[in-house]
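# Fold and geometry: a report
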Amino acid sequence: MSYYPDGSHRWESVRHSKLSTIGWMDAPHPIPQGTVDPEDFARLEQLIVHGWTPEEMEGAHACTFCFGDPDVEPPERIVAGQYRRLGGAQVCVPGKSRIYIFPDAILHYIDTHGYQPPKNFLIAMRKVDPKDPAYRKRCDELWRLVAPNYY
Ligand SMILES: [Zn+2]
C-alpha cells in the first residue's frame, strides 16, 4: 500500500484537484481516529464487493501497522458475507464535483485501528448505490476527467 493523506489530490500517477484520496494508511503515519456507524461500515462493504475501480491490482499488500513486511499475504476475512483478502483493490465514490478513491483495506483500518474517514466522504458514500448503472457511469466520467491518460 502507499500512503496518501486523506483528501490528497494525488494517487499513483494521477494528479488532479477533483481527485480525493481516502483511507490510504501506511505506518508510521498516524491514522485519524473516531467511530464509524455500523450502517456506514456495511455500505463500504457493499462498495468493495460491487463498486467501480479504475484498475485491478495484482496481489494484496498487508497492513503495515500489523505486519512489518507489506509483501506478507494478508489474512482472509468476511466482507458482506464473502471471504476476501483486503489490500489488493480500490474503489471509487463520485461526489458532487470530485471523485474519491479508497482502498478495500479501509475496513481493516476502521475495525482494527479505529480509523474514521472524513465526513464529506461519508456523506458522498451514503448517496451512491454501487449496483446502480448511473453510479458506474458517473465514476467513469469523473475518472476520465481526472485521469485522461490512465486508461
Ligand atoms: Zn492493521
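Residues numbered from 1 in each chain as written. Predicted model: local features only at pLDDT ≥ 70, side-chain atom pairs only at ≥ 80, totals over all residues.

### A short note on the packing of helix α1 (residues 38–50) against helix α3 (residues 119–126)
Quick reminder of the rule: The convention used is that axes are lines fitted to C-alpha atoms, helices contributing only their stretch in contact, and that angles between N-to-C directions extend from 0 to 180 degrees. Numbering of helices and strands starts at the N terminus; helices are DSSP runs of H or I of at least 4 residues and strands are runs of E of at least 2. Here the word oblique covers every angle except those under 35 degrees (roughly parallel), over 145 (roughly antiparallel) and from 65 to 115 (roughly perpendicular). Throughout, a crossing is termed right-handed when the near helix is turned clockwise from the far one, and left-handed when it is turned anticlockwise from it by less than a right angle. By the convention adopted here, residues make contact when the C-beta atoms placed from their backbones lie within 7 Å.
Packing of α1 against α3 brings their axes to within 10 Å, and their N-to-C directions diverge by 65°. If you check the angle between α1 and α3, you find them roughly perpendicular. Here α1 runs over α3; the crossing is left-handed. In this structure, α1 contributes Asp40, Arg43, Leu44 and Leu47 to the contact, and α3 contributes Leu122, Met125 and Arg126.

### A word on the nonpolar core
Proteins that are soluble and globular tend to have nonpolar side chains buried together. Rules: By convention the nonpolar core is taken to be a set of buried residues drawn from Ala, Val, Leu, Ile, Met, Phe, Trp, Tyr and Cys and joined through C-beta atoms within 7 Å. Exposed residues have 12 or fewer other C-beta atoms within 10 Å of their own C-beta, buried residues have 20 or more, and residues in between are partly exposed; the C-beta atoms are placed from the backbone.
In terms of nonpolar packing, the biggest core is built from 36 residues, with Cys92, Ile99 and Tyr100 touching the most fellow members. Going through the elements one at a time, α1, β6 (90–94), β7 (99–103), α2 (106–113), α3 and α4 (133–146) are the ones with two or more residues in this core.

### A short note on the sheet that holds β7
Applicable threshold: We call two strands paired when DSSP finds no fewer than two bridges between them.
Ordered in space as β3-β7-β6, the 3 strands form an open sheet in which the pairing is mixed. Strands at the two margins of the open sheet, each flanked by one partner only, are β3 (19–21) and β6. Within the sheet, the average angular offset between the axes of one strand and its neighbour, ignoring direction, is 25°. Note that β3 and β7 share 3 bridges and pair parallel. Residue pairing across strands places leucine 19 opposite isoleucine 99, the latter belonging to β7. α4 rests against β3, β6 and β7 of the sheet, and its axis sits at about 100° to β6.

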